[in-house]
Protein chains: 2
Amino acid sequence: MSGGRPVRLRVFSLNCWGIRYLSQHCAQRYEMIGELLCREEHDLALLQEVWSEKDYLFLKKKLACSHPHSHYFKSGVIGSGLAVFSRHKLHDAFLYRFSLNGYPYMLHHGDWFGGKAVGMVVLKVLGLTAHVYVTHLHAEYCREKDGYLPHRVVQAWELQHFVRHTSSRADVVILGGDLNMHPQDLGNRLIRAYTGLRDCYTETDKFDGCDDGITLIADNPFTNKKELIPFEKGIRIDYILFKGSKKVCVKCESLSTTKGSVPGKAFPYSDHEALSAELLLQPTEGAGESEGGSDSCSADTLPELVDTVTEARTEVKVGLHLAERMRHTAARTGVMGLVLLLLELAIAAVPWLALGAEQPFPRASFYLLGALCFAILLTTLLLYVFYTTQVKALQGAEDQMRLAVGGLQDALRGLPRGQQGEPMLTTPDLHHPTPLDHEE
Amino acid sequence: MSGGRPVRLRVFSLNCWGIRYLSQHCAQRYEMIGELLCREEHDLALLQEVWSEKDYLFLKKKLACSHPHSHYFKSGVIGSGLAVFSRHKLHDAFLYRFSLNGYPYMLHHGDWFGGKAVGMVVLKVLGLTAHVYVTHLHAEYCREKDGYLPHRVVQAWELQHFVRHTSSRADVVILGGDLNMHPQDLGNRLIRAYTGLRDCYTETDKFDGCDDGITLIADNPFTNKKELIPFEKGIRIDYILFKGSKKVCVKCESLSTTKGSVPGKAFPYSDHEALSAELLLQPTEGAGESEGGSDSCSADTLPELVDTVTEARTEVKVGLHLAERMRHTAARTGVMGLVLLLLELAIAAVPWLALGAEQPFPRASFYLLGALCFAILLTTLLLYVFYTTQVKALQGAEDQMRLAVGGLQDALRGLPRGQQGEPMLTTPDLHHPTPLDHEE
């Protein structure tokens, strides 16, 4: 039993950049990552971009002693790339696949094939229930003209939803991963504001790592420096977030990152830097005590939250407009392909009808053009179906956001005291239920 | 405030069979459904197969007075078909799309395009928090040779996972929908055993409806009688399930179904019968009191649960084997297409190399064959990608089930008292944490 004794939990997070045959020194780097984890014996290692199951199995074998429990989250075509290694027994695992994740035809980006998701594992540490999440959001390839922004915002929205609704039973909540967002980006603000999760980097007094906590650094030999412009030194896109509960007060004692090189090795662990956080879990004495901040939003932060959700909704609307336009283009092109095909059939019918015609029929061109028409029809049909799923997903997210903003504004509008329902969207702890409208 | 006063909650569930232009008398039936809901004023109406948003909007308009709050869940290509109408304000909505849902090329079944999912809404009734779920699982087209069984089992697995993890904050949990499973089918047993949800039909003393509670009845004019063989009268596949919490004791006072015809109308509401349940929510006095059964599994039910999950795992393995075989077939056919294409190119090269050859080159056959090869290649590529996602999803579910069985068996094996962790997978209420292995 914990009995008020503090528990120390060490958490590791790394985007492993494990694309077999494409990522440089992939096998050697996994060897190094395995050695590091074996040596450091973190309680939890949250890994992203472990694209190949073979590499997961390699790590599983290597970490059999230090981390006897593990889970690999499978989804999409390639997989989610998410893996958890734990010193503590895993009691449950659950995966939520994001509804939007790029485009299948953007082969060089490849996010769509990855089946991006958030994985959850449930474990117990000295009698405390920890819900641990590992995730990897869609990459940002161009900050100035980021066509994936609506996708990432929807992913962040779904992430906060999933974490908020599945973590209410937890004494401790930990989220680690590559969010592909700068600290103050919209999605990050959404996640923090809604879930009440706190950022290890901003919460700790003891930080050892790159300046500003950056995890994608220019000094890393695998990093494309051009992609970092105008952030010359690098950016912070990997995070370990945490929160406690009424039962446990959680503090981040220290956070460290690797610094682009590994002593005695020719190259670093990955193109991202690894994070290591030391969390101190202090069970509170009385059950009724609440941790500072808890997971609910105070009335002070409500206006800010309304602004954030409204901003997100605008972004989703932009994405929706784009997806609808793309779907429209696909439909129009499909119709053109069909018209071309009918035209061709008509042309073919002319010599057949005018039996006496002497001119040779251009068979080769006819078949080529026919094949082209069919290809156009098939491609546009597939694209139409694909864009329809995108439109549905974006509309779904927008509907949810509208509902959320409505609830928040109701709360803000300040219904008469005693009549005002708690803003349930933002205060998951409903220990003082109050009546609402439309009651019997 | 509820203050111990019992609350009555009336819940309606119906599969609306709303395929525009295909379902018979679609518009008239929606008109009838709208009238029924307006008149009956259930607290909650959980609708499935509302495939067209226009029909949802029609109902929304019609029910503006009786059910001012509603949510339509969008997903997939066509949508999830799920809608909720409520007399109480909805505070939050969240959707979980099932990872498996049939095959896109089974156009005549069409489930794949529906984007099957489980939708959740959060509402408050007299200070009590209710988490309400609406869902529709994959149809069973042939019970003897049910190729979709692994898909439905995975959907049931994901459904119980989602409900279990997102409902811990709820005082009342309600699940309604067309589960497409007989009462004692594997998926149904999984859902009930894991979530602790109870079936209105078996729990109520006051039932008014078709014999055995059947909801797909032979007497319904829209039903294909042949599909019901050997269940001559019909089958029970629509359900309203519920459970309470430590704070609220829930009882099902009565359940009724429609009986295949509507007085004064030429045809019934749908090809399914509608369910109406009356739930009595009795807030318990002390907070610590637990409702009979609660949502945890007792040690008595553990062996049964192990058997159920093992059975589900076997079914998923069968599905996995099939998906892998299909993927293999797609790959082999693709390779054959490629070989054929190369062969054709080689044949084409022969007259080009042997410049003196006099025989005319069969252009038409050449192009046709080429187009065929391309079509084979493209189709098999798409199928390969599709089956890979199926394999990943099935593997993922199987991994989760293995983890679950492991946890259950640990609990069963009876570690020494005080050492034995609570079977967390099955006992979501962890108010008495005990230490586990691998602790610091």
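To keep things clear, this report deals only with the structure shown in the data block. (Residues numbered from 1 in each chain as written. Chains lettered and ligands numbered in written order. Predicted model: local features only at pLDDT ≥ 70, side-chain atom pairs only at ≥ 80, totals over all residues. Heavy atoms only, no water.)

1. A look at the overall build of chain A
A count of helical and extended segments in chain A gives nine helices and 15 strands. Burial statistics for chain A: of 440 residues in total, 56% are counted as buried. In chain A, the share of contacts with a sequence separation of at least 24, taken over all contacts with a separation of at least 6, comes to 74%. Accessible area of chain A: about 18600 Å², with a carbon and sulfur share of 58%. (Helix = DSSP H or I, 4+ residues; strand = E, 2+ residues; numbered from the N terminus. Buried < 20%, exposed > 50% of the residue type's maximum accessible area, 1.4 Å probe, protein only. Contact = heavy atoms within 4.5 Å. Areas by Shrake-Rupley, 256 points an atom, 1.4 Å probe, with all protein chains shown as cover.)

2. Let's talk about the pairing of strand β4 (residues 82-86) of chain A
When a strand is regular, its side chains alternate between the sheet's two faces. Residues and elements named next belong to chain A. Of all five residues in β4, five are buried; the element is thus mostly enclosed. Bridge analysis of strand β2 (residues 44-48) against β4 gives four bridges, and the strand direction is antiparallel. For leucine 46, the partnering residue across the bridge sits in β4 and is valine 84. Here five bridges tie strand β3 (residues 69-73) to β4, and the two strands are oriented antiparallel to one another. (Pairing = 2+ DSSP bridges.)

3. Notes on the interface of chain A and chain B
At the interface, 76 residues of chain A touch 77 residues of chain B. Linking chain A to chain B there are six salt bridges. For A:Lys89, the salt bridge goes to B:Asp410, with nearest N and O atoms at 2.7 Å. Seen at the junction of chain A and chain B, the total is 22 residue pairs in polar contact (both at pLDDT 80 or more). Those elements that provide at least two residues to the side of chain A that touches chain B are β1 (7-15), β3, β5 (90-97), α3 (111-114), β6 (117-125), β7 (128-136), α4 (149-166) and α9 (363-412) of chain A. Looking at which element gives the most residues to the side of chain A that touches chain B, the answer is α9(A), with 16 residues. Considering only residue class, the side of chain A that touches chain B consists of 33 nonpolar, 22 polar and 21 charged. (Salt bridge = Lys/Arg side-chain N within 4 Å of Asp/Glu carboxyl O. Polar contact = N/O pair within 3.5 Å; in protein donor to acceptor, adjacent residues only side chain to side chain. Nonpolar A, V, L, I, M, F, W, Y, C, P; charged D, E, K, R; others polar.)

4. Examining the pairing of strand β14 (residues 248-257) of chain B
Residue and element names in this part refer to chain B. Looking at chain direction, strand β10 (residues 207-208) and β14 are connected through two bridges and run parallel. Bridging across to β14, phenylalanine 207 finds its partner in leucine 255. One ladder, built from nine bridges, connects β14 with strand β15 (residues 275-283); its direction is antiparallel. Among the inter-strand pairings, lysine 251 is bridged to a residue of β15, identified as leucine 280.

5. Some thoughts on unusual backbone geometry
Backbone torsion omega between A:Ile229 and A:Pro230 reads 10°, so that peptide bond is classified as cis. With respect to the element layout, A:Pro230 can be found in the loop between α7 (225-228) and β12 (234-235). With a phi angle near 50°, A:Leu126 is a residue other than glycine that sits in the positive phi range. In this structure, A:Leu126 sits in the loop between β6 and β7. Although it is not a glycine, B:His25 sits at a positive phi angle of roughly 50°. Take B:His25: it is sitting in the loop between β1 (7-15) and α1 (26-40).

6. Overview of the nonpolar core
Formed by 42 residues in total, the largest nonpolar core has its most connected members in A:Leu159 and B:Leu159. With sequence-adjacent residues up to four places away left out, A:Leu159 is seen in contact with A:Phe98, A:Val118, A:Thr135, A:Leu137, A:Leu175, A:Leu179 and A:Ile191. If you look at the next biggest cluster of nonpolar residues, it comprises 34 residues, including A:Ala130, A:Cys200, A:Ile240 and A:Leu255. (Core = buried A, V, L, I, M, F, W, Y, C linked by side-chain atoms within 4.5 Å.)

7. Regarding the packing of aromatic side chains
If you walk through the whole model with that rule in mind, you get 37 aromatic pairs over all chains. Look at A:Tyr141 and A:Tyr148: their rings are 5.8 Å apart centre to centre, the planes differ by 65°, and that puts the pair in the edge-to-face class. These aromatic residues form a ring-pair network of at least three members: A:Phe94, A:Tyr96, A:Phe98, A:Tyr133, A:Phe162, B:Phe94, B:Tyr96, B:Phe98, B:Tyr133 and B:Phe162. Above the face of the A:Phe222 ring, A:Arg29 is positioned so that its terminal group lies 5.4 Å from the ring centre. (Phe/Tyr/Trp six-rings, centres within 6.5 Å; stacked < 30°, edge-to-face > 60°. Lys NZ or Arg CZ within 6 Å of the ring centre and 35° of its normal.)

8. Focus on the packing of helix α1 (residues 26-40) of chain A against helix α2 (residues 53-62) of chain A
Angle between the axes and distance between the axes: these two values describe a pair of packed helices. All names here are of chain A. α2 packs onto α1 with a crossing angle of 30° between their chain directions and a minimal axis gap of 10 Å. On the basis of their axis angle, the class for α1 and α2 is roughly parallel. Viewed along their axes, α1 and α2 form a crossing whose handedness is right-handed. Here Cys26, Tyr30, Glu31, Gly34, Glu35 and Cys38 of α1 come into contact with α2, specifically with Asp55, Phe58, Leu59 and Lys62. Of the residues assigned to the contact of α1 with α2, the class counts are five nonpolar, one polar and four charged. (Axes fitted to C-alpha atoms, helices over the stretch in contact; angles between N-to-C directions. Parallel < 35°, antiparallel > 145°, perpendicular 65-115°, else oblique. Left-handed = near helix turned anticlockwise from the far one by under 90°.)

9. Focus: the relation of the copies chain A and chain B
Once chain A is rotated about the relating axis by 180° and shifted along it by 0.0 Å, it coincides with chain B to within an RMSD of 0.1 Å. Taken together, the rotation and translation describe the operation of a two-fold axis. In terms of proximity to the rotation axis, the leading residue of chain A is A:Thr166, whose C-alpha is 2.4 Å off the axis. A shared interface surface links the copies, since 100% of the contact residues of chain A are contact residues in chain B too. (Least-squares fit on C-alpha atoms with pLDDT ≥ 70 in both.)

10. Here's the deal with empty space enclosed by the protein
According to the stated counting rule, one finds nine cavities of 30 Å³ or more in the structure shown. In this structure, the largest cavity spans a volume of roughly 160 Å³. Among the elements of the structure, β3 and β5 of chain A together with α4 (149-166) and α9 (363-412) of chain B are those that each provide at least two residues to the lining of the largest cavity. Take the lining of the largest cavity: its biggest share by element is five residues, from α9(B). The residue inventory of the lining of the largest cavity, partitioned by class, reads nine nonpolar, five polar and four charged. (1 Å grid on protein atoms, 1.4 Å probe; cavity = no way out; pocket = protein on both sides within 12 Å on 5 of 7 lines; lining within 4 Å. Points joined across faces, edges and corners; volume = space filled by probe spheres on them.)

11. Looking at a nonpolar patch on the surface
Residues and elements named next belong to chain A. Residues Leu340, Leu343, Ile347, Leu369 and Leu372 make up a contiguous nonpolar surface patch of about 440 Å² in total accessible area. Where the nonpolar patch is concerned, the elements lending two or more residues are α8 (302-353) and α9. With three residues, the top contributor of residues to the nonpolar patch is α8. Mapped onto the fold, isoleucine 347 is located in helix α8. (Patch = residues over 30% accessible without salt bridge, like charges linked within 9 Å, V, L, I, M, F, W, Y side chains within 5 Å.)

12. Regarding the environment of B:Arg143
All names here are of chain B. Mapped onto the elements of the fold, arginine 143 is located in the loop between β7 (128-136) and α4. Measuring from C-alpha to C-alpha, the distance between arginine 143 and isoleucine 229 comes to 9.4 Å, with 86 residues separating the pair along the chain. In contact with arginine 143, not counting residues within four places along its chain, are His182, Asp185 and Phe231. Within the local environment of arginine 143, its side chain forms a polar contact with the side chain of histidine 182, the two groups lying 3.2 Å apart.

13. Structural notes on the sheet that holds β5(A)
Residue and element names in this part refer to chain A. Pairing in this open sheet of six strands is mixed, and the strands run β5-β6-β7-β8-β13-β9 from one edge to the other. The sheet terminates laterally at β5 and β9 (198-199), the two strands that pair on one side only. Note that β9 and strand β13 (residues 238-243) share two bridges and pair antiparallel. Its bridge partner being in β13, arginine 198 is matched across the sheet by phenylalanine 242. Together, β5, β6, β7 and β8 (172-178) form the strand contacts of α4, whose direction differs from that of β7 by roughly 170°.

14. Points about the side chain of B:His138
Along the chain, B:His138 falls in the loop between β7 and α4. Aside from chain neighbours lying at most four places away, what touches B:His138 is B:Asn101, B:Gly102, B:Asp111, B:Lys116, B:Tyr148, B:Arg152, B:Gln155 and B:Asn180.

15. Brief notes about α1(B)
Residue and element names in this part refer to chain B. Compared with an ideal rise of 1.5 Å per residue, which puts 15 residues at 21 Å, α1 spans 21 Å between its outermost C-alpha atoms and is within 8% of the ideal. Considered for burial, the residues of α1 that qualify are Cys26, Arg29, Tyr30, Met32, Ile33, Gly34, Leu36 and Leu37. Of the surrounding secondary structure, the elements contacted by the buried residues of α1 are β1, β2 (44-48) and α2 (53-62). Positive backbone phi, approximately 50°, marks glutamate 41, located one or two places after α1. (Expected span 1.5 Å × (residues − 1).)

16. Describing the pattern of salt bridges
Applying the stated criterion across every chain, the model contains 51 salt bridges over all chains. The partner of B:Arg143 in a salt bridge is B:Glu140, and the shortest N-O contact between them spans 3.0 Å. Given a relative accessible area of 31%, B:Arg143 falls into the partly exposed group. Connected via shared salt-bridge partners are A:Arg8, A:Arg10, A:Glu40, A:Glu253 and A:Glu278.

17. Describing the state of the cysteines
Applying the stated criterion across every chain, the model contains zero disulfides over all chains. Distance from the sulfur of A:Cys373, which forms no disulfide, to the nearest cysteine sulfur (B:Cys373) is 20 Å. On the basis of relative accessible area, A:Cys373 is assigned to the buried category, the value being 0%. B:Cys200 forms no disulfide, and the closest cysteine sulfur to it belongs to B:Cys252, at a distance of 3.6 Å. (Disulfide = S-S within 2.5 Å.)

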